[in-house]
Amino acid sequence: MRRRTADKRIVRLDPKYSSPMVTRFVNIVMTHGQKAVAERIVYGALDILVQKTSEDSPIKVLNKVMDNVRPRLEVKPRRVGGATYQVPVEVSVPRGNSLAMRWLRDFARTKKGKPMKVKLADELMMAYKGEGSAIKKRDETHKMAEANKAFSHLRW
């Protein structure tokens, strides 16, 4: 093994919902160390989401969104004898959640003309329904892995 594995950091529970997933989402949305702003955005988006759905708990909604968006497979480049192959590998749940949160954040940021909490709520709502940009990204990732299934024997 070339590199040591990084130690897993313990994520504090967020003050409102006592959920480590919400804390991770706040940290991913945060820019320039402005955690209070990021918390306002995420909590506002979750409040909007609960109003739009029939669910009573925002944590249930967020878990369903993460299950919908989380990729199961991805491709990683692997160099074998001068050629680089895209090798499909399974995605662990923490990495899948991290990718899903980043995709949701990025697609919400690219929209124009609304406050960030509304854009994030829209993106989360579409993912909750199983549509939208983040779901499309997940499907593209799965298609890439499926197309390169022939190289799965090169896994390390």
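Residues numbered from 1 in each chain as written. Predicted model: local features only at pLDDT ≥ 70, side-chain atom pairs only at ≥ 80, totals over all residues. Heavy atoms only, no water.

(A) Here's a closer look at the pairing of strand 1 (residues 73-80). Where strand 1 meets strand 2 (residues 83-90), 8 bridges bridge the pair, whose relative direction is antiparallel. Bridging from a neighbouring strand, P77 pairs with Q86 of strand 2. Hairpin connection between strand 1 and strand 2: a loop of 2 residues separates the two successive antiparallel strands, and G81 in this loop has a positive phi of roughly 55°. (Pairing = 2+ DSSP bridges. Helix = DSSP H or I, 4+ residues; strand = E, 2+ residues; numbered from the N terminus.)

(B) Broad picture of the side chain of S19. Along the chain, S19 falls in the segment before helix 1 (20-29). Those residues in contact with S19 that lie beyond four places of it in its chain are L13, D14 and I59. (Contact = heavy atoms within 4.5 Å.)

(C) Just the packing of aromatic side chains, in detail. Going through the model one piece at a time under the given rule, you end up with 2 aromatic pairs. Ring geometry for Y17 versus Y43: centroids 5.7 Å apart, planes at 80°, classification edge-to-face. You can see Y17 sitting in the segment before helix 1 and its partner Y43 sitting in helix 2 (residues 35-52), a full 26 residues away along the chain. Each member of the pair, Y17 as well as Y43, carries the same accessibility label: buried. Seen in terms of ring centroids, Y85 and F151 are 4.8 Å apart; in terms of plane orientation they differ by 35°. Their pairing is tilted. Taken together, the residues Y85 in strand 2 and F151 in the segment after helix 6 (133-147) connect sequence positions 66 residues apart. Judged by relative accessible area, Y85 falls into the partly exposed class, the value being 27%. Among the residues examined, F151 registers a relative accessible area of 27% and is labelled partly exposed. The ring of Y128 has K64 lying over it, and the distance from NZ or CZ to the ring centre is 5.1 Å. (Phe/Tyr/Trp six-rings, centres within 6.5 Å; stacked < 30°, edge-to-face > 60°. Buried < 20%, exposed > 50% of the residue type's maximum accessible area, 1.4 Å probe, protein only. Lys NZ or Arg CZ within 6 Å of the ring centre and 35° of its normal.)

Function cannot be read off these values alone, since they describe shape.
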